[in-house]
Amino acid sequence: MPATASSNRPIRDVVFVGGVRTPFGKAGKGMYAETRADDLIVAVIRELLRRHPQLPPDRIDEVAIAAATQIGDQGLTIGRVAALLAGLPKSVPGYAIDRMCAGGMTAVTSVAGSIAFGAYDVAIAGGVEHMGRHPMGEAADPNPRFLADKLVDLDALSMGATAENLHDRFPQLTKERADRYALRSQEKVAKAYAEGKIQPDLVPVAIRSAELGWGLASKDEPPRPGSTLADLATLKTPFRPHGRVTAGNSAGLNDGATGCLLADAATAAELGLPVQMRLVGYGFAGVDPAVMGVGPIPATERALASTGLSISDIGLFELNEAFAVQVLAFLDHYGIADDDPRVNQYGGAIALGHPLASSGVRLMTQLARQFAEHPEVRYGLTAMCVGIGMGATVVWENPHYVTSSEEAAT
Ligand SMILES: CC(C)(COP(=O)(O)OP(=O)(O)OC[C@H]1O[C@@H](n2cnc3c(N)ncnc32)[C@H](O)[C@@H]1OP(=O)(O)O)[C@@H](O)C(=O)NCCC(=O)NCCS
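Residues numbered from 1 in each chain as written. Predicted model: local features only at pLDDT ≥ 70, side-chain atom pairs only at ≥ 80, totals over all residues. Heavy atoms only, no water.

**A look at the overall build of the protein chain**
Counting its regular elements, the protein chain contains 13 helices and 12 strands. Here the C-alpha radius of gyration of the protein chain, 21 Å, is about what a compact globule of 410 residues would show, namely 22 Å. Its C-alpha atoms give the protein chain principal-axis dimensions of roughly 75 × 55 × 50 Å. Within the protein chain, buried positions represent 55% of all 410 residues. By sequence separation, contacts in the protein chain at least 24 residues apart represent 79% of the contacts at least 6 residues apart. (Helix = DSSP H or I, 4+ residues; strand = E, 2+ residues; numbered from the N terminus. Rg over C-alpha atoms; globule rule 2.2 N^0.38 Å. Buried < 20%, exposed > 50% of the residue type's maximum accessible area, 1.4 Å probe, protein only. Contact = heavy atoms within 4.5 Å.)

**Digging into empty space enclosed by the protein**
Counted by the stated rule, this structure contains 1 cavity of 30 Å³ or more. Of the volumes computed, that of the largest cavity is approximately 30 Å³. Residue lining of the largest cavity: Pro296, Leu319, Asn320, Gln326, Val327, Phe330, Ala383 and Met384, and that is the complete set. Among the elements of the structure, α10 (324-333) and β11 (379-386) are those that each provide at least two residues to the lining of the largest cavity. The biggest single contributor to the lining of the largest cavity is α10, with 3 residues. Classifying every residue of the lining of the largest cavity gives 6 nonpolar, 2 polar and no charged. (1 Å grid on protein atoms, 1.4 Å probe; cavity = no way out; pocket = protein on both sides within 12 Å on 5 of 7 lines; lining within 4 Å. Points joined across faces, edges and corners; volume = space filled by probe spheres on them. Nonpolar A, V, L, I, M, F, W, Y, C, P; charged D, E, K, R; others polar.)

**Here we look at the pattern of salt bridges**
Any two side chains of opposite charge can pair, given that their charged atoms come close. One pass over the structure, following the stated rule, counts 23 salt bridges. Between arginine 244 and glutamate 164 there is a salt bridge, and its shortest N-O distance comes to 3.3 Å. Residue arginine 244 is found in the loop between α7 (229-233) and β8 (254-264), and its partner glutamate 164 is found in helix α5 (residues 159-169); the two are separated by 80 residues along the sequence. Taking the shortest distance from any N to any O, the salt bridge between arginine 177 and aspartate 332 comes out at 2.7 Å. (Salt bridge = Lys/Arg side-chain N within 4 Å of Asp/Glu carboxyl O.)

**Some points on the packing of aromatic side chains**
For the coordinates displayed, the defined rule picks out 4 aromatic pairs. Measuring from centroid to centroid gives 6.1 Å for tyrosine 282 and phenylalanine 284, while their planes differ by 65 degrees, and the two rings are edge-to-face. Using a relative accessible area of 32% as the deciding quantity, one classes tyrosine 282 as partly exposed. With centroids separated by 6.4 Å and ring planes inclined at 70 degrees, the aromatic side chains of phenylalanine 317 and phenylalanine 330 adopt a geometry described as edge-to-face. Placement of the pair is phenylalanine 317 in strand β10 (residues 314-319) and phenylalanine 330 in helix α10, with a sequence separation of 13 residues. Aromatic rings pair up to connect Phe317, Phe330 and Tyr334 into one cluster. A cation over an aromatic ring shows up here: arginine 9 above the ring of phenylalanine 117, its NZ or CZ 4.0 Å from the ring centre. (Phe/Tyr/Trp six-rings, centres within 6.5 Å; stacked < 30°, edge-to-face > 60°. Lys NZ or Arg CZ within 6 Å of the ring centre and 35° of its normal.)

**Here's the deal with the packing of helix α9 (residues 296-307) against α10**
The interhelical angle for the contact between α9 and α10, taken along N-to-C directions, is 45 degrees, at an axis separation of 9 Å. The angle between the axes of α9 and α10 places the two elements in the oblique class. Facing α9, whose interface residues are Pro296, Ile297, Thr300 and Glu301, α10 presents Gln326, Ala329, Phe330 and His333. Of the residues in the contact of α9 with α10, the class split is 4 nonpolar, 3 polar and 1 charged. (Axes fitted to C-alpha atoms, helices over the stretch in contact; angles between N-to-C directions. Parallel < 35°, antiparallel > 145°, perpendicular 65-115°, else oblique.)

**Side note on the site of the ligand**
Contacts to the ligand come from 20 residues, most closely from Met159, Arg224, Ser227, Ala247 and Ala251. Here an oxygen atom of the ligand sits 2.7 Å away from a polar atom, N or O, in the side chain of arginine 224. For the ligand, a nitrogen atom lies 2.9 Å from a polar atom in the backbone of alanine 251. For the ligand, the accessible surface in isolation is 980 Å², of which the surrounding protein chains cover 65%. Applying the majority rule of atoms within 2 Å of the grid points places the ligand in the largest pocket. Within the shell around the ligand, the residues separate by chemical class into 14 nonpolar, 4 polar and 2 charged. (Near = heavy atom within 4 Å. Polar contact = N/O pair within 3.5 Å; in protein donor to acceptor, adjacent residues only side chain to side chain. Areas by Shrake-Rupley, 256 points an atom, 1.4 Å probe, with all protein chains shown as cover. Sits in = over half its atoms within 2 Å of the grid points.)

**A word on the environment of glutamate 62**
For glutamate 62, the location among the structural elements is in strand β3 (residues 62-66). Judged by relative accessible area, glutamate 62 falls into the buried class, the value being 7%. Residues in contact with glutamate 62, not counting those within four places in the same chain, are Val92, Pro93, Gly94, Tyr95, Val111, Tyr120, Val122, Ala123 and Ile124. A polar side-chain atom of glutamate 62 sits 3.4 Å from the main-chain amide nitrogen of glycine 94. For glutamate 62, the side chain forms a polar contact with the side chain of tyrosine 120, separated by 2.7 Å.

**Here's the deal with the layout of surface pockets**
A probe matching the size of a water molecule, rolled over the atoms, marks out where space remains unfilled. Approximately 1300 Å³ is the volume found for the largest pocket. Lining the largest pocket are 46 residues; nearest its centre among them are Met131, Met136, Ala251, Gly252 and Leu253. Of the residues assigned to the lining of the largest pocket, the class counts are 28 nonpolar, 13 polar and 5 charged. Considering only enclosed or pocket space, the second largest pocket measures out at about 250 Å³ in volume. As for the second largest pocket, its lining consists of 13 residues, and the residues nearest its centre are Arg12, Asp13, Val14, Leu279 and Val280. Looking at the lining of the second largest pocket, the elements that each hand over two or more residues are α3 (103-117) and β9 (277-286). Take the lining of the second largest pocket: its biggest share by element is 5 residues, from β9. Residues of the lining of the second largest pocket, tallied by class, amount to 7 nonpolar, 2 polar and 4 charged.

Remember that the coordinates give geometry; whether it matters functionally is a separate question.
Pasting the structure below:
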């Protein structure tokens, strides 16, 4: 008798085993100016393997790598070429993924869906963006009908202009609040570095410069630990004359790569892989592209609705800081204070940098570390805004969570 495929397969639990990233660099004349993008993501994949020797490489079922600009050394199906370059067996497939800034986050949710469905047991998801070699929008050819038919506002193609639009829409989100938020991001990153909280996530990268010879990138280049409010107040507003968005209260233009291992919970147990987070749910949403920075709000609503949680259940937030104003819009919406200690405990992209498609996995890697430090927190959220008007949110559960009654009993 011919076999019949099983139609009532159970949904499986997906766990975050661990994540790493390269130090982030400044695009242009920064430390990766003469380093290829594919070499950055290869360093990440090799480090994931090195940190998990109990994982036989041929058990990896997929390598999904995101890049917002998929040409040159970020093209050629970057997930597949990076897997081969990293020395994974030729039997391990790979693919490329793009949702602009949320590419890495989408790589995670895509392979997670496949793990939950039972198609994969273990997968690598990540992102890479070398904004020096591939400036934002390189070789883009938007259909003229976008503008002719007024489908999107001209501003939608300049992320900084969309941030200025948010200041217009929410007058309570003043430049002063944005600058204060940006300053705190710098201060939190400096503190996290001083306390050794960022370094464990980094894989040092060998770099070469024709002028300086070989070197090692071992820490993030963008942070400006000595920033002051007075300095921030005087910066130019490149997106609008007398605007409010500056180089100081925006993420910069950066190079970097991130990656993580995701697994079916039972497979992780079988292989002895650590469990740093459990995936609870996720949501993506579209908004008016001219105010793309509000995207994380409806995305979070979707993620919460699908998981049965509410915002008050979230004990830690990792929000991508594309622009201070857009994080403030999220916080205001949920009545969370600008300096709420649950938000971006190690600082964020304003200080660390935002190599577009890679950033989503940085948020997850940092949340995983904070979960280990905070067993009293059960749920955490990673969220980001996305170009052309979208938002992305992923909700995670802390495997280290202990209730206060459990704690009292020990
Ligand atoms: C805002 C932006 C245009 C600035 O680019 P830039 O001019 O190359 O940025 P720089 O790092 O050179 O900074 C500009 C100036 O501000 C100064 N500056 C930046 N941050 C500062 C800080 N925290 N404190 C003091 N000065 C600061 C720099 O020293 C520089 O000064 P200079 O002109 O005297 O040299 C660019 O970073 C950008 O486009 N960011 C947004 C990226 C984006 O859209 N990402 C996608 C999000 S969805």
